[in-house]
Amino acid sequence: MYPPGADTVLVRHADVGVKSGKVQTEMERRLRDNLAAMLDSRGVDADVERRWSRLLVHADEENVDAATDAVADTFGVRSASAAVVVDPDLDAVRSALADAARALYDGDTFAVRARRADKSLPFTSEDVERQGGEAVWNAVDDPAVDLEDPDTTFRVEVRESEAFVFVEKRAGPGGLPLGSQAPVVGLVSGGIDSPVALWEVMKRGSPVVPVYLDLGDYGGQDHEARAMETVRRLAAYAPNFDVTVRKVPAGDVMDLLVEEVGPARMLVYRRFMYRVAEHVARDVDACGIVTGEAIGQKSSQTARNLGVTSAATDLPVHRPLLTMDKTEITDRAREIGTFRDSTIPAGCNRVAPDFPETNATLEIVENAEPDDLFERAREAAANVELVDV
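Reading guide: rules and limits
- Residues numbered from 1 in each chain as written.
- Predicted model: local features only at pLDDT ≥ 70, side-chain atom pairs only at ≥ 80, totals over all residues.
- Heavy atoms only, no water.
- Helix = DSSP H or I, 4+ residues; strand = E, 2+ residues; numbered from the N terminus.
- Contact = heavy atoms within 4.5 Å.
- Areas by Shrake-Rupley, 256 points an atom, 1.4 Å probe, with all protein chains shown as cover.
- Lys, Arg positive; Asp, Glu negative; His and termini not counted.
- Charge placed at Lys NZ, Arg CZ, Asp CG, Glu CD.
- Core = buried A, V, L, I, M, F, W, Y, C linked by side-chain atoms within 4.5 Å.
- Buried < 20%, exposed > 50% of the residue type's maximum accessible area, 1.4 Å probe, protein only.
- Phe/Tyr/Trp six-rings, centres within 6.5 Å; stacked < 30°, edge-to-face > 60°.
- Lys NZ or Arg CZ within 6 Å of the ring centre and 35° of its normal.
- Axes fitted to C-alpha atoms, helices over the stretch in contact; angles between N-to-C directions.
- Parallel < 35°, antiparallel > 145°, perpendicular 65-115°, else oblique.
- Left-handed = near helix turned anticlockwise from the far one by under 90°.
- Nonpolar A, V, L, I, M, F, W, Y, C, P; charged D, E, K, R; others polar.

1. Here we look at the overall build of the protein
Right, so step 1: On a plain count of helices and strands, the protein comes out with 13 helices and 15 strands.
Right, so step 2: Taking the principal axes of the C-alpha coordinates as reference, the protein spans close to 80 × 40 × 35 Å.
Right, so step 3: Taking the intrachain contacts of the protein between residues at least 6 apart in sequence as the baseline, contacts between residues at least 24 apart amount to 81%.
Right, so step 4: If you sum the accessible surface of the protein, you get close to 17,400 Å²; carbon and sulfur atoms cover 43% of it.
Right, so step 5: Side-chain charges in the protein split into 44 positive and 69 negative, and the spacing between the mean points of these groups amounts to 4 Å.

Structure below.
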């Protein structure tokens, strides 16, 4: 929802604002580039401008809604508002508010909220709110004011050379601009959890290098297709970054584990996964490994088992979902658009043992795993296949 004549999107960044001046400037430039890439990827004709620690997206009225959507899907953005730009004086603001009220007011309660960034102007924020409220009141039939919890809030931001009038604050993902942190390797299975974990790390500014382990007969084409579709959805949030999937052959290893390893099988497999991810990370200069694990969600993810599996790699294993409930993870998957693809039946064969180990020690797992497990991980990583999604 935006006022008539809106042709500018106000971009509010999230954690960028708490950084030092130099770092903030660098991150704002990164965010500007990411916004331009997102707009371009969606075919939205708009320009991005950076000024006074604020980013603006300029588009014509026909494109401003699509531009606002694109901005609101960009990591590092707290919120976005499509606004009409007027002169920074009370008459112009009152006129814009009246036009907005005639177009958008639906008969419920309203309020006017104002922010005056330039303290040298000959009026206060309270003046804008009071006189702007009068303009809205006079412009519509049967108005009703509620200053505590209005149904519609007309907003004004006044700067030195212009004022912005808007209604909606469209929420963004928050976090930091993608690319402002070092890259990480993300283990993606195509289930609900791993795509959400990768998205959460991207939200904090780290590009992700997806790694998919092909389980052979224990996975299958449907399993792989599901994983690739979730990565394709994540790629839409990172149009100017390479999200090529590293597909690693793991069918022979899974055959071996199913034949030779008992209760500790899934822990041994996860250690194999981490070592594969470590080799890929070294190859692409990534600094960590991301998984969709959460404490206690599966037998391999008990608090003790997580420590045992993490010992397979020298790299940090990041688990953004560590303390989240399954319902929280599922809700986030729906929000970011990966849930549907994650829940397509994959038909993969069951590989977990009937009575899995839930309280392992490192000694138990090392005694259970093949002596050449890590050498097999090195060989598998060396035979990676690049899949462009």
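2. Remarks on the nonpolar core
Right, so step 1: Counting 38 residues, the largest nonpolar core has Val185, Leu187, Leu213, Tyr269, Phe272 and Val276 as the members making the most contacts within it.
Right, so step 2: Counting only elements with at least two residues in this core, the list comes to strand E10 (184-187), strand E11 (208-214), helix H7 (251-260), helix H8 (265-284) and helix H13 (373-382).
Right, so step 3: It is H8 that provides the largest number of residues to this core, a total of 11 residues.
Right, so step 4: Counting 29 residues, the second largest nonpolar core, distinct from the first, contains Ala197, Tyr237, Val290 and Met324.

3. A short note on unusual backbone geometry
Right, so step 1: One non-glycine residue, Asp142, lies in the positive phi region at around 50°.
Right, so step 2: Positionally, Asp142 belongs in the loop between helix H4 (125-139) and strand E6 (144-145).
Right, so step 3: Located in the positive-phi region is Asp285, a residue other than glycine, with phi close to 60°.

4. Some points on the packing of aromatic side chains
Right, so step 1: Tallied over the full model, the rule gives six aromatic pairs.
Right, so step 2: Geometrically, the ring pair formed by Trp199 and Tyr237 is edge-to-face, given 6.2 Å between the ring centres and 80° between the ring planes. Of this pair, Trp199 sits in helix H5 (residues 193-203) while Tyr237 is found in the loop between helix H6 (221-235) and strand E12 (245-249), placing the two residues 38 residues apart along the sequence.
Right, so step 3: Classification of Trp199 as buried rests on a relative accessible area of 6%.
Right, so step 4: Exposure remark for Tyr237: the relative accessible area of 8% places this residue in the buried category.
Right, so step 5: Cluster of aromatic residues (ring-pair linked, three or more members): Phe75, Trp199 and Tyr237.
Right, so step 6: Here the guanidinium or amino end of Arg275 rests over the ring plane of Phe374, the centre of that ring lying 3.8 Å away.
Right, so step 7: Here the basic side chain of Arg334 rests over the ring of Phe339, its NZ or CZ set 3.9 Å away from the ring centre.

5. Quick word on the packing of helix H3 (residues 90-104) against H4
Right, so step 1: Their axes nearest at 8 Å, the elements H3 and H4 cross at an angle of 40°. By the criterion of interaxial angle, the relationship of H3 to H4 is oblique. The element H3 and its partner H4 pack so that their crossing is right-handed. For the pair H3 and H4, the contacting residues are Leu90, Val93, Arg94, Leu97, Ala98, Ala101 and Arg102 in the first and Val128, Gln131, Gly132, Ala135, Val136 and Ala139 in the second.
Right, so step 2: Here the residues of the contact of H3 with H4 are counted per class, giving nine nonpolar, two polar and two charged.

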